[in-house]
Structures are given as C-alpha cells and as structure tokens.
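This is what each chain is made of:
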There are 2 protein chains.
Amino acid sequence: MDRNKLIMASLHDEQCDLVLKNAKVVNVFTGEIVDGDIAVSGGMIVGVGEYNSRNEVDIGGKYVAPGFINAHVHIESSMASPEVYSMEELRQGTTTIITDPHEIANVGGMTAISDILSAAERAAGNYYVMLPSCVPATPFEHSGAELSAKQLAYFRNDPHVIGLGEMMNVVGVLSGDREIMDKLDAFSGMVIDGHFPLGSGKELSAYISAGINTDHESITYEEAVEKMRAGLSVLVREGSASRNLDEIMTGIIENGNDTSSLAFCTDDKHLSDIRRHGTIRYNIKRSVELGLDPVKAIQIGTINAARIYGLRHIGAIACSYRADMVVLEDLKSFKVLDVYKDGKSIKSIPEPVPMKYSRALLNPINFAPLGDDAFKIPVKDKYSVIGIVDGQIITKKLEYTHEQLEAGLKDGSINKIAVVERHNATGFHAAGYIKGYGSIHGAIASTVAHDSHNIVVVGDNDSDMLKACEELRRIGGGYVIVSDGKTLGSLSLPLAGLVSLKSADDLIRELDEVIAAAKSLGVSEGIDPFITLSFMALPVIPEIRITDCGVFDVTKFCFV
Amino acid sequence: MDRNKLIMASLHDEQCDLVLKNAKVVNVFTGEIVDGDIAVSGGMIVGVGEYNSRNEVDIGGKYVAPGFINAHVHIESSMASPEVYSMEELRQGTTTIITDPHEIANVGGMTAISDILSAAERAAGNYYVMLPSCVPATPFEHSGAELSAKQLAYFRNDPHVIGLGEMMNVVGVLSGDREIMDKLDAFSGMVIDGHFPLGSGKELSAYISAGINTDHESITYEEAVEKMRAGLSVLVREGSASRNLDEIMTGIIENGNDTSSLAFCTDDKHLSDIRRHGTIRYNIKRSVELGLDPVKAIQIGTINAARIYGLRHIGAIACSYRADMVVLEDLKSFKVLDVYKDGKSIKSIPEPVPMKYSRALLNPINFAPLGDDAFKIPVKDKYSVIGIVDGQIITKKLEYTHEQLEAGLKDGSINKIAVVERHNATGFHAAGYIKGYGSIHGAIASTVAHDSHNIVVVGDNDSDMLKACEELRRIGGGYVIVSDGKTLGSLSLPLAGLVSLKSADDLIRELDEVIAAAKSLGVSEGIDPFITLSFMALPVIPEIRITDCGVFDVTKFCFV
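Below: a short report on this structure. What you see is a predicted model; the values in this text were computed from it and never measured.

**Description of helix 7 (residues 201-209) of chain A**
- For helix 7 of chain A, the set of buried residues is Leu204, Ser205, Ala206, Tyr207, Ile208 and Ser209 of chain A.
- Packing partners of the buried residues in helix 7 of chain A comprise strand 9 (161-167), helix 5 (170-174), strand 10 (191-194) and helix 8 (221-230) of chain A together with helix 1 (3-11) and strand 3 (44-49) of chain B.
- Phi for Gly211 of chain A, located one or two positions after helix 7 of chain A, is positive at around 115°.

**Quick notes on helix 2 (residues 82-91) of chain B**
Residues and elements named next belong to chain B.
- Counting buried positions along helix 2 gives nine out of ten residues, so the element sits mostly inside the fold.
- Looking at helix 2, one finds that the buried residues are Pro82, Glu83, Val84, Tyr85, Ser86, Met87, Glu88, Glu89 and Leu90.
- One or two residues past the end of helix 2 sits Gly93, with phi positive at roughly 95°.

**With respect to the pairing of strand 10 of chain A**
All names here are of chain A.
- Burial along strand 10 is two-sided: the face carrying Val191 and Asp193 and the face carrying Ile192 and Gly194 are both buried.
- Judged from the three bridges that link them, strand 9 and strand 10 form a sheet pairing that is parallel. Bridged to Leu164 within strand 10 is Ile192.

**Digging into the relation of the copies chain B and chain A**
- Each copy of the sequence occupies a distinct position, and chain B is placed on chain A by a rotation of 180° and an axial shift of 0.0 Å, giving an RMSD of 0.1 Å. Such a combination of turn and shift is consistent with a two-fold rotation axis.
- Comparing interface residues between copies, 100% of those in chain B also lie at the interface in chain A; the contact surface is shared.

**Regarding the pairing of strand 8 (residues 126-131) of chain A**
Residues and elements named next belong to chain A.
- A large share of strand 8 lies buried, amounting to six of its six residues.
- Side chains of strand 8 alternate between two faces, with Asn126, Tyr128 and Met130 and Tyr127, Val129 and Leu131 buried alike.
- Across four bridges, the pairing between strand 7 (residues 94-99) and strand 8 is parallel. Residue pairing in the sheet places Thr96 in a bridge with Asn126 of strand 8.
- Between strand 7 and its parallel partner strand 8, the chain crosses via helix 3 (residues 102-122), and the hand of that crossover is right-handed.

**Notes on unusual backbone geometry**
- The residue after His450 of chain A, namely Asp451 of chain A, is reached through a cis peptide bond having omega -10°.
- Note on placement: Asp451 of chain A falls in the loop between strand 21 (443-446) and strand 22 (455-459).
- Its identity as a non-glycine residue notwithstanding, Asn22 of chain B has a phi of 55°, on the positive side.

**Quick look at the packing of aromatic side chains**
All names here are of chain A.
- Enumeration over the complete set of coordinates arrives at 18 aromatic pairs over all chains.
- Seen from their ring centres, Phe29 and Tyr321 are 5.7 Å apart, and the 55° between their planes marks the pair as tilted. With Phe29 in the loop between strand 1 (18-27) and strand 2 (32-41) and Tyr321 in the loop between helix 13 (303-308) and strand 14 (325-328), this pair connects stretches of sequence that are 292 residues apart. Of the two residues, Phe29 and Tyr321, neither departs from the other in class, the shared state being buried.
- Through successive ring pairs, a cluster of aromatic residues spans Phe140, Phe552, Phe557 and Phe559.
- The ring of Phe367 has Arg473 sitting right over it, with the charged end atom 3.9 Å from the ring centre.

**Observations concerning the packing of helix 7 (residues 201-209) of chain B against helix 8 (residues 221-230) of chain B**
All names here are of chain B.
- Helix 8 packs onto helix 7 with a crossing angle of 45° between their chain directions and a minimal axis gap of 10 Å. Looking at the two axes, helix 7 sits oblique to helix 8. In this structure, the crossing between helix 7 and helix 8 has a hand that is right-handed. In this structure, helix 7 uses Gly201, Leu204 and Ile208 to contact helix 8, whose residues at the interface are Glu226, Lys227 and Ala230.

**Describing the packing of helix 1 (residues 3-11) of chain A against helix 7 of chain B**
- The interhelical angle for the contact between helix 1 of chain A and helix 7 of chain B, taken along N-to-C directions, is 165°, at an axis separation of 8 Å. The pairing of helix 1 of chain A with helix 7 of chain B is recorded here as roughly antiparallel in orientation. When you trace helix 1 of chain A past helix 7 of chain B, the crossing you get is right-handed. From helix 1 of chain A, Leu6, Ile7, Ser10 and Leu11 of chain A reach across to helix 7 of chain B, where they touch Lys202, Glu203, Ser205, Ala206 and Ser209 of chain B.

**Section: the interface of chain B and chain A**
- Each partner contributes to the interface: chain B provides 57 residues, whereas chain A provides 57 residues.
- Summing both partners gives a buried area of about 4,400 Å² for chain B against chain A, and 47% of it is carried by carbon and sulfur.
- Summed over the three residues of chain B that lose the most area to chain A, namely Arg3, Lys202 and Arg229 of chain B, the buried surface amounts to 16% of that side.
- For the interface between chain B and chain A, the tally reads six salt bridges.
- The partner of Arg3 of chain A in a salt bridge is Asp185 of chain B, with the nearest N and O atoms 2.7 Å apart.
- The tally of links from chain B across to chain A stands at 34 residue pairs in polar contact (both at pLDDT 80 or more).
- Elements with a contribution of two residues or more to the side of chain B that touches chain A: helix 1, strand 2 (32-41), strand 3, helix 5 (170-174), helix 6 (178-186), helix 7, helix 8 and helix 13 (303-308) of chain B.
- Considering each element in turn, the side of chain B that touches chain A owes the most residues, seven residues, to helix 1 of chain B.
- Tallied by class, residues from the side of chain B that touches chain A come to 25 nonpolar, 20 polar and twelve charged.

**Considering the nonpolar core**
- Of all hydrophobic cores here, the largest spans 102 residues; its most connected members are Met167, Leu184, Tyr437, Ile444 and Tyr479 of chain A.
- For this core, the element with the highest residue contribution is helix 3 of chain A, accounting for nine residues.
- Once residues within four sequence positions are removed from consideration, Leu184 of chain A is found in contact with Leu164, Met167, Ile192, Ala210 and Ile212 of chain A together with Arg3 of chain B.
- With 101 residues, the next largest nonpolar core counts Cys319 of chain A together with Ile104, Cys134 and Leu498 of chain B among its residues.

**Section: the pattern of salt bridges**
- One pass over the structure, following the stated rule, counts 71 salt bridges over all chains.
- Its salt-bridge partner being Glu32 of chain A, residue Arg229 of chain B comes within 2.6 Å of it at the nearest N-O pair. Of this pair, Arg229 of chain B sits in helix 8 while Glu32 of chain A sits in strand 2, placing the two residues on different chains.
- Arg229 of chain B gets classed as partly exposed once you look at its relative accessible area, which sits at 29%.
- Measuring nitrogen to oxygen at the nearest pair gives 3.0 Å for the salt bridge that ties Lys21 of chain B to Asp37 of chain B. A residue pair is termed long-range when its members are at least 10 positions apart, and Lys21 of chain B in strand 1 (residues 18-27) and Asp37 of chain B in strand 2 qualify at 16 residues.
- Counted as one network, the salt bridges with shared partners bring together Glu88, Arg91, Arg275, Glu351 and Asp505 of chain A.

**Focus on the side chain of Asp553 of chain A**
- Relative to the assigned elements, Asp553 of chain A resides in strand 26 (residues 550-553).
- For Asp553 of chain A, the residues in contact, after removing those within four places along its chain, are Lys397, Glu543, Cys558 and Val560 of chain A.

**Topic: the state of the cysteines**
- For the structure shown, the criterion picks out zero disulfides over all chains.
- Cysteine Cys469 of chain A shares no disulfide, and the gap to the nearest cysteine sulfur, in Cys549 of chain A, comes to 16 Å.

**Some remarks on the sheet that holds strand 26 (residues 550-553) of chain B**
All names here are of chain B.
- Taken in spatial order, the three strands of this open sheet run 25-26-27, and their pairing is antiparallel. Pairing within the sheet leaves two strands with one partner each, and these edge strands are strand 25 (544-547) and strand 27 (558-559).
- As paired strands, strand 26 and strand 27 are joined by two bridges and run antiparallel to one another. Its bridge partner lying in strand 27, Asp553 is registered against Cys558.

Calculation notes
Residues numbered from 1 in each chain as written. Chains lettered and ligands numbered in written order. Predicted model: local features only at pLDDT ≥ 70, side-chain atom pairs only at ≥ 80, totals over all residues. Heavy atoms only, no water. Buried < 20%, exposed > 50% of the residue type's maximum accessible area, 1.4 Å probe, protein only. Helix = DSSP H or I, 4+ residues; strand = E, 2+ residues; numbered from the N terminus. Contact = heavy atoms within 4.5 Å. Pairing = 2+ DSSP bridges. Least-squares fit on C-alpha atoms with pLDDT ≥ 70 in both. Right-handed = clockwise from strand over helix to strand, strands pointing away. Phe/Tyr/Trp six-rings, centres within 6.5 Å; stacked < 30°, edge-to-face > 60°. Lys NZ or Arg CZ within 6 Å of the ring centre and 35° of its normal. Axes fitted to C-alpha atoms, helices over the stretch in contact; angles between N-to-C directions. Parallel < 35°, antiparallel > 145°, perpendicular 65-115°, else oblique. Left-handed = near helix turned anticlockwise from the far one by under 90°. Buried area = accessible area lost by both parts, 1.4 Å probe. Salt bridge = Lys/Arg side-chain N within 4 Å of Asp/Glu carboxyl O. Polar contact = N/O pair within 3.5 Å; in protein donor to acceptor, adjacent residues only side chain to side chain. Nonpolar A, V, L, I, M, F, W, Y, C, P; charged D, E, K, R; others polar. Core = buried A, V, L, I, M, F, W, Y, C linked by side-chain atoms within 4.5 Å. Disulfide = S-S within 2.5 Å.

In structure tokens form, the structure reads like this:
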C-alpha cells in the first residue's frame, strides 16, 4: 500500500483513479444511507463526499453497498474451479470468500492445499483460506490424505490463510485429544471455525473453551441464540442442501437480538443456485423480506464477517477500505447492477481460466476391483436404515424389520447405498439401506461424498451399482447414472474427482443435464440427486451415515 | 492457556475454581440479560448456566457485566503510578485499560517506555500500551526525548503493546512526512490511534487513508458521526477537562445510529474524579440516563473496545473470555458491588506498591538559571492572548490592544503565563498572557504540561513565578503555589515530574490540599487549577498555546 498516493488522492480530486458519482452509500458504521460520490485510488476508497475526476461513472442515485462476504464456503461443492467460482460470486456481489478447502484436501492433502493457495492468488475476488482441521474427518473412514498439526502449520503464514477450518471432531475436542489440541495450539491467535450441530449446554461450553470461535451448523433460532450467548459468532447458512436462514433470522428479528455476532454463509451451494439467486445477496435480501432493517442485513453480510475474521480492510465503504463495492437497484430486490473489485468494474475482468493443477490431483480414481457380491448385505432381524430429512443435512436413524425392509425395497421407498474407497485401492467398501431418495430403477454414483470423497452409489440393483463405479473410474471421477447396464448421463470432475475445469456456463449446462437424467430415473421431488447423496457418507452429522467401513450411528459413535 | 483444564471445567462442575450463583448476566452478543450461574476456571469463564462448585458466591440476582474497558487513557494525567492507577480503575469496574504513555515518554523516552511495560506486567488489571507516536509532539517545543520509528518498533512485539498511540501530527500525516510514514509502516497491521480535533472533509479522509483507525477528539455529535462515517472508530471521551459524552451520545441516540464503532474513554481523568464517579462506569451510566439501552451502553464500554483493538479474550461473559466481571446493583445507578479480575474478587488483591523505577526517571528537573527578567514581555501594539474555554480542551485566540491588556492585568482578568524547558537545561523559556484563569495573587506552577512537560507557570507577578520554578526544582517536580515569596502548597511528583509514588488515598488527600490552596489564590470557578494549566502548553489543539519557544497559533502553525 502506497500511503502517500492514497493521502494525495484523498486531498486532490484529480489524483483519483475513479469517482462513482451520485451514489446512495450504505454506511455500515453509522447505519445510514448517505448521498455522495465515492473516490477511488490504487484500488482503495479514499473518500466519500464531493469528488470529481477525469474518470467518472454516474451511479444515478442507485445504492452502493460494500462487497459482500461469504463467511464460510467449500467451493469444491460447486464443482467449479476456484477461479471460476470466485468470478461467479463476484457477479453476484460477493467480493470476498472465506473458504475451507476441506474437500479437496481429503483427496489430495498438502498438494491440494498448495494448489488452492496458488489458485487463491489468481482469483478475481478476495479469496481467504481456513486450513482444513479434520483430514480425515473421522477415524471411521478412509480418505485420500491425513493432515497433522505440523503439516497445517506449514501454511500458517501464507497471506491467504486466516485461520483453522471447521473443527468437526467434537468428541476429540471434548476429550482433549492430543493431536487436536496440537492443531488448536498451532492456530492460537487466529480464527478457529467450529462445527457443532445441535451443540448445547456444557458440551457447547467446553467446545468453545477449547478455543473455537464460530459455528455455521445452527438449524433453529434457539440453537443459534444459545451459541451466540455462549460466545460463538454464528454464521447463518443458506446453501443448496442446508437452508437455515428463515428459521434463524425470524427468531433474531422477533426477539430483537443484537446482530453484531452474526455473519452470512452458504457452506455448500450449487453453481446454478448461485447464478439464480446469488449467495450472500440472497441471504441479505431474504432477511429483509423477513423484516430486518436493510442496513443491518448488509452489515451482517459485510462488516460483521470482516470483524469476526479480523479482516481490517474490507466490508465497508470508507477510507482505508478496499474499493470492493456492489451497485444495487434498491434495498428490496437487491438486484445487482454492477460490482467493483479493487475499484474496477467486473465487466472489465476477463473470463477466468483455471490454472495448471498438479498431476497428483487429476483423475485420481483408484479403487480395488469389486466382486459381483461386493454390495451384498447379509440377512438380519433388524436393519438400521438411513432416513433422509427433506431440506436438511441431518438424517434420521430408522429401524426396520426384515419384512418391512423387503416391502420397502419392493415398493421402491428403500434403496441400497454403498461406499467404495477410491484413493489408495485399499479394498474397503460397505453397503446399507436408505429411505427417502426416491423409487429409482438403476444406479446413481458420485466421487463427491463428504468428507472422504470415496465413491457413493445408490440404486435398486447391485449390477447397475457396480457398473456405475466402473464408469466413474473410466471418466476419471464425477457423476454417473446407469440403468439396465447403460450409462444415461455423466459429468466429468477431473480435479480430485470433485471439480470441473470447464467454464461456469458449460458446467451449469452439463450439471442441468446430469441432474435431469438422474431425476428421470425417479429421484424424489425436493431431493437434489447428487448433493443429497454426497452427504450420506458424512459421519459427523447426526444421526446415521455410511462410510467405506460400514453403516455408522453418529450419535452413538459406532457402526451398526 | 491450558485448553484441557478449561474443557474439563466446562464439562464438570467440580473442576471449576469458582461459581457465581444466581446472576443476571449481561450478554453483549445477543443484547440480552440472561439468568444463570457463571463458572470460572484458570481465570477464564468456562460456562454460563447451571453450575455448582465447592467455591460458590451467591450474587443474589444482581447484574454481572463484563469488566469495563477504558479505550484510551494517559494514566500519567492521574498522577498515580501505573500500579495504583490500575487498581483504582479496577475498583470502579474497569478491568482493562488501553494506555498511551505519551506523557512520561516525552520526559524519559525509551527508558520510560521500558519501565511502563514492566509496570504493565505488575498491574492488577489488564494493561495494554499504544506506543507514543509523537515524541516530541511538535517541532515547536523542547521535550526530554525523541522517539524514532525504529526505536518504537523495538517494542512492537512486547505482549502488552497493541498498536501505535495517537498520531497528533496531522500536518505531518497530510503532507506524507517520511518519518511519520515510517512510523505508520512500522505498525501496519496493528491498531493506530488518531487525534484529529475538528477533523472533517477531505483532510479527514486523507488522515484515515494514511492508516489511522480511531479518534477520541470529537466534541460534537456532527464531528463524531462524520468520523464514524469516514471509517474511524470513535472513542467517546469523558475526562476531567474534556467532557464530550453528553453532546455525542445525545446525537447518537436521537439519530438511532449504529453504535458498533463506538467505545468509551477518559483520555485524562483526575484520581479524585475517578474515585467519585468511576471512568467507563460513568460513561455507561450517563449514556443510559440520556436514553441509551443499558446493554448497548455496556457493549460500548466492553466488547466494542475489545473488537476495535483486536483483543479477542476480553469484553464478554462467555466461554473463552477472561473472567473479568463487574457485579452491579442495577442498570440505572450502575453501583459497583464487586469486581472480579481473572476470576478473583478484587477484595482479595493486596494494595499495589509501585515498582522500583529507573534512576533516570526520578526527580528530573533540570532547567537553566532564570534571570529576574526571564518572563518580561516587550510592549507591543497588539497581543495574542490565550482564551480559556470553560469545560473544553480547546482555547480561543483573543486579540488585545496594549490598553486593553493593561486594563485586564489590572483587574485580574488577564494573567501572565510562562513555559520553561526543564529536561536538558537548554535555557529555552517564553512568556505570554492568558485570560479566564482567575484573578490570582501569586503564582501557580507545574512540571505537568502537555506534551513536553516543561514547567508551566501562571501568575500576576514575575517574582512569585520565578520563585515557583525554583521551588519545583527543589521538590523534584510536581505542583507548587507561591504568593508573596512564600510557598502556600506543593505536591511532589518524583516520577518524571509527572507521577506520584504515593498510595491513592495519600495522593488524593495531597491533591485536594494543593487544589484548595490554588483555589484560595483566586482561580476561577469551573477551572481545575492544574489540569487546565497543563493543557496551555499543548501546541496540537486549537487555537493558541504557549511552549518554551513562544506563544503559538495552532491553526496557522506559527508563533505570534
């Protein structure tokens, strides 16, 4: 930062690079809307008031808000490359993303983090990284990599790294596990993200006492407000699968709670959903629809996140802040008219091209041969079945007798689900039953399966399920749909089996096609065929999941 | 911090060191009052809820708020030692002070800062230091020391240092002065305090663009809100001489401004005023009287300051925060019933004893011999007279003809004022005229004179004024009152000629006596004889001052 240049530009109009004339400026510090011109120099805001310059853009009385901040996102879940994703967020007004490359790190370890930090440097928007704390997520599955406290500390001083990513191993924290304490110690003084679904009472207190600062897993107002009271910053999440905003914000508004400990996030959001609604733009707009003051909503989506994460130069339209700004039609539709990043309209930013990623991360589908009876399940008296809960990330543990199960399989209300280790050909694989996915004929499979990203496959017959796994190997990772031995559709995700290297337009089109193909197989209304599937292997969210080691009861921490 | 100990205490009542039972807990995150017990372990809060322990204190339904934070204070202005001052603040509920040892650094330079950091370590309360940025304050006077960017950077990593103290050299900032830019660069990434009285418009923008984060000099609501809009955190000041709270907070309340960019401070407050009203306790109480929601007022005096200064573990009653707490009778009187520091009642803290300070800082009164005509002022057509403004730190520049001056001197409305360099016996001294101090017979002198702390003396005759200077030399620095050649009272301030090493009780008694003696000489009602005097030599606050180099017009930056 050249202080002298900024000082001179503040004082002398003619030294400004750009002036946005006639703006209604959203001031997140005073809570006001202030009429004025916004002066920019060297990518920074140097004044709001009366300014004139050779390079002026007339805002015509529209609103200008600080660029939005997405406080927690796993960009791999969008399947877009970091460069493409950053640009998509920018188009919707989000100039800063705080990401946790947890997914790709579970596949590619240190190599993946190194590549992500290189991509962060190239991204069009501000791109901060919380280093993934739980690789692997649990000891109950096999991921592609393991990251120790020492390895994570290697990246601590990277300028894009601002803390430790969500600490999902709640049991490990509460029991004072040595390796986890080492990780918390290694990032002491930086922000440490939490992840404690349904966290409450003394366990919640202990979790926070360990040094955790944020949480984005609240699904009810009561859960959110208890976490805020206890000292956590609550990131209100509205993603593609987990949509918690309405419940939480309605409570906040009705109870008149202070909002300074809230920020907005998406966690996981599909590219097509982003294109349709935006990310933080949607959270803000929806909060206003629910009755929140528009400036307060914008504060939550901007300066609050900056304060929570200690980012001093973003989140406001004021001197000494980056010229990251969103031009809005009004504070109701929140229609984005233009976005400025470092004082430049994104209209002038070229389409992003993904960098050359490391060879180790490309097409890494490596599972041991599967016999014809790989997914056979022995006959039992009772079966623990994974029950999908509509619109939520949590599942219900259902108990079925053999007769009930047979009936469910027959009427299509129950499917088989399997997970296959795909990183190091260990041969681990497991099968179980799932309810609520839809009455499909065939198999749907994916190499995107939180958090270890083994292959997850669902279907009504073993043959199509096995064929789907082989098809994934052939295309180098991604999504596939197989029915009666035929591939009905597929999406290639060559980067770690998680991420496409296509443009956003191409990826959205391909995704739409593959989702339509999956839906045509009979997937239930209200279920996203692949995202819902991808959460079924995540053994940190209650109540029941499946990993490559077996069906797992999350609340009892045991295989069933 | 022993994470394991805290985690276990959160989970298991019996491992808590202390439980405060039946509290109404002020929650600064949600804006609520929550009934509950507060559990403490290892000096930290480990839970709020239902807790039982062998060591319980029944709060009996009283309010418990986070310990208050004084966001900006020069403790030398209290004349108490750091240890004694910290304890006085603690007794009034302020568990954290953010100090700028600007005064003592102007006398003792690096030695003084080093000693203050040692004292900070011994202080009973949290004691953070902003390193003084302007030693000397201006080139228009002679202080005892000069501190370069390089020298200041020496202390940057001390655990008590959290930033760079108030940057008073506004002209230097706006002109991009090299040495000042070096200082700002040296503390880049840390908080940099500002000081820009009447700062506005493009100059204010430029000042902030240089990297300044806070300001505590606002005297009107309009000034404060412009500074907030422009990006400064505004520290609302209520000291002994500068009382800005009513004006600013009334405007904030009436306009419904967001308060998250506000904190409270005293800047300079007398020990007896602190004992009578408290510091931040008073700011909070008064804001509530003016109509502010009590929890909002407490937020300003606690978590807001912590956030502004990046202090992650103070300012709230929640897990992972220090167990710094104030027990309050109610949220109206804000009567302090007890204070806990690191989970211990201050009733159990022994009376503070000042440490052994460096020899170089003790009794350093060193001025060149003064001739009988040292304070003679030549006859002129016009005189620029310093006009005191009641209850404000600013002065008015008054123009007097020779006849008007003579009349004023005769009727006692005008006095003579002089400043004598007292650090390095350079022989510099200057005299001028002052209006509004009171019709005194004799002289009142002090070695406390912001910011260079030369001798400042006021009187109606040169002989008593000269005698007062010699008396200051004899007692090793402090306050003296002389009339007709006789010393009517004195206060010894052996540490740098600024600070007493006595107990608070003794110092307050001695101060009361010396102030009474000064008042008996005829000092105007509403004027503090010594504090008002101490600001007359401060050439950074408009409009007119006197230094050892002459009478100085602050608005025109020239001697008159």
